[in-house]
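# Fold and contact review
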Amino acid sequence: MVALGAWLPAYGRLAWAGWLAGLLAVGLYDLSRIPYILYGWKDFIPNIGAWLSGTHDPDALIGYAWRYIGNGGGMGISFFVLLSLLKPQKRLLLTGLIYGLFVFVCLMSILLIFDEAQRMMFRITAVSFTGSLTGHVIYGLVLGLLARRYFRQQALTSSGR
């Protein structure tokens, strides 16, 4: 990715902006999870650390590193690249919300289709459903807001202002 970004600097800047936006968006998502976790939604991110390290011991450091660096940042890159290809001129906040809801629907589909997924991640309950929905709405809105700012700035820069 670094070599590609160096070879094509405009895409490198786009990917970097998307990744940073994804980090901020997932950070705000995680802040929204706190009340739900306090109310009983089990934090499954440390389990992801166990899967990634090949152990049975939950590892919050590895799990959250993956969540931010790979998952949140990676989906941020995907969102920004999609926007650059589709070139929507308006309603980036709404587009971000739709993107966040699309990711939410994909997650819920996996949890509903594969029984093992609910055992490994979390059971769908009123609390986990609402917490996940809230977080994905926040994630999408933050991505949309930051994309709107980024693409407006790019338009101003390219027009010479």
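These remarks concern the structure in this document. (Residues numbered from 1 in each chain as written. Predicted model: local features only at pLDDT ≥ 70, side-chain atom pairs only at ≥ 80, totals over all residues. Heavy atoms only, no water.)

Our focus in this paragraph is the layout of surface pockets. Volume-wise, the largest pocket comes out at about 450 Å³. Around the largest pocket, the lining comprises 18 residues; the ones closest to its centre are Leu-83, Lys-87, Pro-88, Gln-89 and Phe-151. Secondary-structure elements contributing two or more residues to the lining of the largest pocket are α2 (9-38), α4 (60-86), α5 (92-113) and α7 (126-158). Sort the elements by how many residues they give to the lining of the largest pocket and α7 lands first, with five residues. (1 Å grid on protein atoms, 1.4 Å probe; cavity = no way out; pocket = protein on both sides within 12 Å on 5 of 7 lines; lining within 4 Å. Points joined across faces, edges and corners; volume = space filled by probe spheres on them. Helix = DSSP H or I, 4+ residues; strand = E, 2+ residues; numbered from the N terminus.)

On to a nonpolar patch on the surface. On the surface, a nonpolar cluster with roughly 780 Å² of combined accessible area is contributed by Leu-4, Trp-7, Leu-8, Tyr-11, Leu-82, Leu-85 and Leu-86. Elements with a contribution of two residues or more to the nonpolar patch: α1 (2-7) and α4. With three residues, α4 is the largest single contributor of residues to the nonpolar patch. Position of Tyr-11 among the secondary structure elements: in helix α2. The class of Tyr-11 is partly exposed, set by a relative accessible area of 45%. (Patch = residues over 30% accessible without salt bridge, like charges linked within 9 Å, V, L, I, M, F, W, Y side chains within 5 Å. Areas by Shrake-Rupley, 256 points an atom, 1.4 Å probe, with all protein chains shown as cover. Salt bridge = Lys/Arg side-chain N within 4 Å of Asp/Glu carboxyl O. Buried < 20%, exposed > 50% of the residue type's maximum accessible area, 1.4 Å probe, protein only.)

This next bit is on the packing of α2 against α4. Following both chains from N to C, one finds α2 and α4 inclined at 125 degrees, their axes separated by 6 Å at the closest point. In terms of orientation, α2 and α4 fall into the oblique class. In the packing of α2 onto α4, the handedness of the crossing is right-handed. (Axes fitted to C-alpha atoms, helices over the stretch in contact; angles between N-to-C directions. Parallel < 35°, antiparallel > 145°, perpendicular 65-115°, else oblique. Left-handed = near helix turned anticlockwise from the far one by under 90°.)

Here we take up the nonpolar core. In terms of nonpolar packing, the biggest core is built from 29 residues, with Phe-44, Phe-79, Phe-80, Leu-111, Phe-122, Tyr-139 and Leu-143 touching the most fellow members. Examining the composition of this core, we find that seven residues originate from one element, α5, more than from any other. Not counting residues within four places of it along the chain, the set of residues in contact with Leu-111 comprises Ala-117, Gln-118, Met-121, Phe-122 and Ile-124. (Core = buried A, V, L, I, M, F, W, Y, C linked by side-chain atoms within 4.5 Å. Contact = heavy atoms within 4.5 Å.)

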